[in-house]
Amino acid sequence: MNIGVVSLGCAKNQVDLEEILHYLKINGCETVSNPDLADLILVNTCGFIDAAKKESIRAILDMVRTKKPVVVTGCLAQRYLEELKKEIPEVALYIPLSDYGRFGERLRELFPSFPLRGEISPLGRSFISPVHEAYLRISDGCNNRCAFCAIPNIRGNFRSVPFETLKQELDVLEKEDVRSLTVVSQDTSMYGKDIHRTLADLVREIQKHTHFDFVKLMYLYPDEVTDELIDLFATDSRLSPYFDLPVQHFSDKVLRAMGRRGTKKDILDLLAKFRSRVPQAILRTTILVGFPGETEEDFQECLRCIEEVQFDHLGCFTYCPEEGTRGAALPDPVPEKVKKERYRRVMALQKKISYRLNRNRIGKTYPCLVTGYDEKNLCYDCVSDLYAPDDIDGKMVLFSKAPLDVGDLVEARVVNALPYDLEAEVTKVLRRAKAEER
């Protein structure tokens, strides 16, 4: 059976899809890029925010028009199952997250004679990340109950992946020649609290796998970050000093209304600690503007702190009320025009900060893992300590006088800075890719 795939959503959703694809593969299925060649089309959806929901619905409708059987999975199917069945009945089958444990059984509703056996397992994945890159999902669900976020309603309470399972996953990833490992979950810093482990325990386990050149942690809830964790990154160069800490805001009043733990002072102290203990620290955050009750004074306080911290990377979102969240029922909404204006002001400030910091990187050298070649621009794509793996922050591109191969580890000197991107020249090859990869 040929399976066409549409993948939407975050890295956690991608891991779900990779496990599904591996399950289908070991049951004799093949993925195809052309819908015309597909016997079935799988649309893995996101249901987190309004824009993502609309994108998912557009993708479902586009695939329905192919007249091939469409199976919809992912967060949208979990969150709006009954509504979707009613509004888009042309979909052949909806499989919400809660049914992944009996995926084969559900799929046999469409293909009764197809011998789907076994279960989806985190130890089996068909990777769709670029070669040598992979995500390690260490938990699911969330206990934080932020007033703006629907994730707990979709994925339930926080559940750590068992430590022994992650040890086995790390072995698998190493054997698959993964060189850039990105650790993800809804709340990464909470890992292990429900199973008598800590995130630092897991990082020490990762350190035993010397095959990984880059290790990044995403989605660290600020008040759960420990000194022990910071010290691990301060002492091991293979642990990328890239820290994604979504602070959301700096006004104490707004933070309380959002249901966020910690104060402005707590956040600033933590960020200063990262900078002092990990001198090469790359700090990334997200800011949410326009939350109900946010005044111009609150917003100005947020701007001042952004200027003070000088984040290397910052993403900004305008608040949108989500069904089933506490924020949706709050009074004193911020007008849409004001939200958009505040978004523009945040991003204008961050553009200046990012450009200033990027210019300061000119002349500095960084280790980089070559991941591809851009024939149009005659440059190489790469992984480095400076950016997230999905290019959400921007990216660094490499120019080289000698040809390079995917999988080469090189040293590169930054020669040009753009507001979000960097251009670098390769100065040294640190390690060649394996002969069979070239």
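Whatever comes next refers back to the structure up there.
Residues numbered from 1 in each chain as written. Predicted model: local features only at pLDDT ≥ 70, side-chain atom pairs only at ≥ 80, totals over all residues. Heavy atoms only, no water.

(A) Structural view of the overall build of the protein chain. When helices and strands are counted, the protein chain shows 13 helices and 18 strands. In summary, the protein chain has a C-alpha radius of gyration of 22 Å against a globular reference of 22 Å for 438 residues, a match within 12%. The dimensions of the protein chain, computed from C-alpha atoms along their principal axes, are 60 × 60 × 45 Å. In the protein chain, which comprises 438 residues, the share counted as buried stands at 55%. Here the analysis covers contacts within the protein chain between residues at least 6 apart in sequence; of these, 74% occur between residues at least 24 apart. For the protein chain, the exposed surface amounts to about 19600 Å²; the carbon and sulfur share of it is 51%. Across the protein chain, the mean location of the 62 positive side-chain charges is 3 Å away from that of the 68 negative side-chain charges. (Helix = DSSP H or I, 4+ residues; strand = E, 2+ residues; numbered from the N terminus. Rg over C-alpha atoms; globule rule 2.2 N^0.38 Å. Buried < 20%, exposed > 50% of the residue type's maximum accessible area, 1.4 Å probe, protein only. Contact = heavy atoms within 4.5 Å. Areas by Shrake-Rupley, 256 points an atom, 1.4 Å probe, with all protein chains shown as cover. Lys, Arg positive; Asp, Glu negative; His and termini not counted. Charge placed at Lys NZ, Arg CZ, Asp CG, Glu CD.)

(B) Spatial organisation of helix α11 (residues 264-277). Between its terminal C-alpha atoms α11 stretches 20 Å, which fits the 20 Å expected from 14 residues at 1.5 Å a residue. Of the residues making up α11, those classed as buried are I267, L268, L270, L271 and F274. Looking down the long axis of α11, one finds its buried residues gathered within 160° of arc, a one-sided arrangement. In α11, those exposed residues whose orientation departs by more than 90 degrees from the buried face are K265 and S276. (Expected span 1.5 Å × (residues − 1). Arc of directions from axis to C-beta.)

(C) Representation of the side chain of D140 within the structure. Within the secondary structure layout, D140 lies in strand β7 (residues 139-140). When neighbours within four sequence positions are excluded, D140 is seen to be in contact with R155, N157, F158, R159 and Q186.

(D) Highlighting a nonpolar patch on the surface. Together, F48, I49 and F317 line one region of the surface with nonpolar side chains, adding up to about 240 Å² of accessible area. Within the secondary structure, F317 is located in strand β13 (residues 313-318). Assessed through its relative accessible area of 42%, F317 is described here as partly exposed. (Patch = residues over 30% accessible without salt bridge, like charges linked within 9 Å, V, L, I, M, F, W, Y side chains within 5 Å. Salt bridge = Lys/Arg side-chain N within 4 Å of Asp/Glu carboxyl O.)

(E) Molecular detail of the sheet that holds strand β18 (residues 422-431). The mixed closed barrel is built from 5 strands, whose spatial order is β14-β15-β16-β18-β17. In this sheet, adjacent strand axes meet at a mean angle of 55° when their direction is disregarded. For strand β14 (residues 365-374) and strand β15 (residues 379-383), the ladder comprises 5 bridges, and the chain directions are antiparallel. Note on β15: the bridge partner recorded for Y373 is Y380. (Pairing = 2+ DSSP bridges. Axes fitted to C-alpha atoms, helices over the stretch in contact; angles between N-to-C directions.)

(F) Quick peek at the sheet that holds strand β2 (residues 30-32). Strand order in the open sheet formed by 5 strands is β2-β1-β3-β4-β5, with parallel pairing between adjacent strands. Of all strands in the sheet, those with a lone pairing partner are β2 and β5 (93-94), marking the two edges. Judged from the 3 bridges that link them, strand β1 (residues 2-7) and β2 form a sheet pairing that is parallel. Within the sheet, the bridge partner assigned to I3 lies in β2 and is T31. This element, helix α1 (residues 11-26), spans β1, β2, β3 (40-45) and β4 (70-74) of the sheet and lies at about 155° to β3. Those strands touched by helix α2 (residues 50-64) are β1, β3 and β4, and its axis lies near 175° from that of β3.

(G) Structural detail: the side chain of N44. Position of N44 relative to the elements: it lies in strand β3. You can call N44 buried: its relative accessible area is 0%. At a separation of 3.2 Å, a polar atom in the side chain of N44 contacts the main-chain carbonyl oxygen of N13. Polar contacts involving the side chain of N44 include one to the side chain of T73, which spans 2.7 Å. In this view, N44 contacts V6, S7, L8, N13, L17, T73, G74 and Y100; residues no more than four positions away in its chain are not counted. (Polar contact = N/O pair within 3.5 Å; in protein donor to acceptor, adjacent residues only side chain to side chain.)

(H) Layout of the pairing of β1. Following the backbone out of β1, through α1 and into the adjacent parallel β2, one traces a crossover that is right-handed. Note: β1 against β3, 5 bridges, orientation parallel. When the sheet's bridge partners are listed, I3 is paired in β3 with L40. (Right-handed = clockwise from strand over helix to strand, strands pointing away.)

(I) Summary view of the pattern of salt bridges. Following the criterion strictly, the structure yields 46 salt bridges and no others. Here E322 and K53 are joined by a salt bridge, their closest N and O atoms 3.1 Å apart. Taken as a pair, E322 in the loop between β13 and α13 (336-360) and K53 in helix α2 lie far apart in primary sequence, 269 residues in all. Summarising the burial analysis for this pair, E322 and K53 share the class buried. Connected through shared salt-bridge partners, D16, E19, R137, D140, R155 and R159 make up one network.

(J) Layout of the pairing of β3. The buried fraction of β3 amounts to 6 of the 6 residues, a majority that puts the element mostly inside the structure. The alternating pattern of β3 places L40, L42 and N44 on one face and I41, V43 and T45 on the opposite face, and all of these are buried. Pairing analysis gives 5 bridges linking β3 to β4, with the strands arranged parallel. Within β4, the position partnered with V43 by the bridge is V72. Where the polypeptide runs from β3 across α2 and back to β4, its parallel neighbour, the crossover connection is right-handed.

(K) Inspection of the packing of aromatic side chains at higher detail. Inspection of every chain in the model, using the stated rule, returns 7 aromatic pairs. Summarising the aromatic geometry, the rings of F243 and F274 are spaced 4.3 Å apart at their centres and angled 40° between planes, so their arrangement reads as tilted. Note that F243 is positioned in strand β11 (residues 239-244) and F274 in helix α11, a separation of 31 residues in sequence. Between F291 and Y319, the ring centres sit 5.0 Å apart and the planes meet at 70°, which makes this aromatic pair edge-to-face. Within this pair, whereas F291 is found in the loop between β12 (282-289) and α12 (296-309), its partner Y319 is found in the loop between β13 and α13, the two being separated by 28 residues in sequence. When sorted by exposure, F291 lands in the same class as Y319, which is buried. Through a chain of ring-to-ring contacts, the aromatic side chains of Y23, Y100 and F103 assemble into a single cluster. Above the face of the Y219 ring, K12 is positioned so that its terminal group lies 3.7 Å from the ring centre. (Phe/Tyr/Trp six-rings, centres within 6.5 Å; stacked < 30°, edge-to-face > 60°. Lys NZ or Arg CZ within 6 Å of the ring centre and 35° of its normal.)

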